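Structural description and commentary
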Amino acid sequence: MPRIAVIDFETTGLSPALGDRATEIAIVLVEEGRVVDRYQSLMNAGVRISAFIEAYTGISNAMVAAAPPAAQVMAEASRFVGRTPMAAHNASFDRRFWAAELERLGLPAAQPFACTLLLSRRLYPQAASYKLGALAALHALPAAGRAHRALADAEVAAALLERIQSDLRQRFGAPQPRHELLMALQACPRHAVPRAIERHLAAQPGA
DNA sequence: TGCCAGGCCCTCTTTAGGGCCTT
């Protein structure tokens, strides 16, 4: 059964290339529109969290100091995901931290990432904002907890992904939109979405 | 020493610039 692993990181900043590290990770496994499993943990990477980030995420230096080592958490997360294709909101951000944290352990990070932000730009041109919270409000998605904590944001992103897949079924007749179709759609211009779906369905019946 | 993201997308574009989105 095709699964997608929806991930969200909280971090000390925007760029692992500039030394920023993950402070919390959450992964929600989605199968046929249902959440079937979850993984969440704070992690201690041994770096200080700024006052701005403490206020933004609610994750304090004391919380991270009491958390398990980043290496242990990321190894567990890697095993949890396995080869499952992944998704995230603004996936370029989470993909960079996924790759950077796993690279420190010598672990591969080859999973393809679908992006609910790119897909939402394609499918919901009427949206005033493509922030995760704004899209959740637009679609009346259920609240999942404090925004900017990893599990709450991963749950909302998973609900947004389910909404996207539902709309692909209803609007474009894609019976079971799989990860490959999501990747194809986010890589094409908005006006080319219907044609891309037609081509994908013709090549992969049941996609 | 001081500074520092990266990728997508739109437009007053393509020999570029700026806003959005993630923390």
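Definitions and limits used
- Residues numbered from 1 in each chain as written.
- Chains lettered and ligands numbered in written order.
- Predicted model: local features only at pLDDT ≥ 70, side-chain atom pairs only at ≥ 80, totals over all residues.
- Heavy atoms only, no water.
- Near = heavy atom within 4 Å.
- Polar contact = N/O pair within 3.5 Å; in protein donor to acceptor, adjacent residues only side chain to side chain.
- Helix = DSSP H or I, 4+ residues; strand = E, 2+ residues; numbered from the N terminus.
- Nonpolar A, V, L, I, M, F, W, Y, C, P; charged D, E, K, R; others polar.
- Salt bridge = Lys/Arg side-chain N within 4 Å of Asp/Glu carboxyl O.
- Buried < 20%, exposed > 50% of the residue type's maximum accessible area, 1.4 Å probe, protein only.
- Pairing = 2+ DSSP bridges.
- Axes fitted to C-alpha atoms, helices over the stretch in contact; angles between N-to-C directions.
- Contact = heavy atoms within 4.5 Å.
- Phe/Tyr/Trp six-rings, centres within 6.5 Å; stacked < 30°, edge-to-face > 60°.
- Expected span 1.5 Å × (residues − 1).
- UniProt positions renumbered as here; feature names shortened; annotations may be inferred.
- Parallel < 35°, antiparallel > 145°, perpendicular 65-115°, else oblique.
- Left-handed = near helix turned anticlockwise from the far one by under 90°.

1. Some details on the protein's contact with DNA strand B
Around DNA strand B sit 26 residues, and of these E10, Y56, R122, Y130 and L132 come closest. Separating a sugar or linking oxygen of DNA strand B from a backbone N or O atom of T11 is a distance of 3.0 Å. At 2.2 Å, a side-chain N or O of R122 approaches a phosphate oxygen of DNA strand B. Elements represented by at least two residues in the surface near DNA strand B include exactly strand 1 (3–11), helix 1 (51–57), helix 4 (91–104) and helix 5 (116–123). Looking at the surface near DNA strand B residue by residue, the class counts come to eleven nonpolar, eight polar and seven charged.

2. Topic: the pattern of salt bridges
Scanning the entire structure with this criterion turns up five salt bridges. A salt bridge links E101 to R21; its shortest N-O distance comes to 2.9 Å. Of this pair, E101 sits in helix 4 while R21 sits in the loop between strand 1 and strand 2 (22–31); the two residues are 80 residues apart in sequence, bridging distant segments of the chain. Per residue, the accessibility class of E101 equals that of R21, and both read buried. Across the pair E24 and R149 runs a salt bridge, and its minimum N-O distance is 2.7 Å. Here E24 is found in strand 2, whereas its partner R149 is found in the loop between helix 6 (132–138) and helix 7 (150–172), with 125 residues between them in sequence. Judged by its relative accessible area of 2%, E24 falls in the buried class.

3. What about the sheet that holds strand 2?
With respect to topology, five strands assemble into an open sheet ordered 3-2-1-4-5, the strand pairing being mixed. One side of each edge strand has no neighbouring strand; the edge strands of this open sheet are strand 3 (34–42) and strand 5 (113–115). Between one strand axis and the next, the sheet turns through 25 degrees on average, direction left out of account. Packing against the sheet, helix 4 makes contact with strand 1, strand 2, strand 4 (86–88) and strand 5, and its axis sits at approximately 80 degrees to strand 1. Along the sheet, helix 5 contacts strand 4 and strand 5; its crossing angle with strand 5, the most-contacted strand, is approximately 40 degrees.

4. Considering the packing of aromatic side chains
Under the criterion given, the structure shown has four aromatic pairs. Look at F9 and F97: their rings are 6.3 Å apart centre to centre, the planes differ by 45 degrees, and that puts the pair in the tilted class. Taken together, the residues span a long stretch of sequence, with F9 in strand 1 and F97 in helix 4 at a distance of 88 residues. Residues F9 and F97 agree in their burial class; the two are buried. With 6.0 Å between their ring centres and 20 degrees between their planes, F52 and Y56 make a pair best called stacked.

5. Here we look at helix 3 (residues 70–81)
Helical geometry note: an α-helix holds 3.6 residues per turn, so side chains three or four residues apart project in the same direction. Along its twelve residues, helix 3 runs 16 Å from first to last C-alpha, staying within 8% of the 16 Å computed at 1.5 Å per residue. Of the positions making up helix 3, those classed as buried are A70, V73, M74, A75, A77, S78 and V81. The inward-facing, buried residues of helix 3 abut strand 1, strand 2, strand 3, strand 4 and helix 4. Following helix 3 by one or two positions, G82 has its phi on the positive side, about 60 degrees.

6. Focus on the UniProt feature "domain: Exonuclease" (unreviewed entry) in chain A
Taking the UniProt record as the reference, the feature "domain: Exonuclease" (unreviewed entry) is found at residues 3–170. In this annotation, residues 3–170 is assigned 44% helix and 20% strand; the end-to-end C-alpha distance for the span is 20 Å.

7. Focus: the packing of helix 3 against helix 4
Where helix 3 contacts helix 4, the axes come no closer than 10 Å and their chain directions differ by 115 degrees. With respect to each other, helix 3 and helix 4 are oriented roughly perpendicular. The hand of the helix 3/helix 4 crossing is left-handed. Across from A70, M74, A77, S78 and V81 in helix 3, the residues of helix 4 making contact are W98, E101 and L102. Considered class by class, the residues forming the contact of helix 3 with helix 4 number six nonpolar, one polar and one charged.

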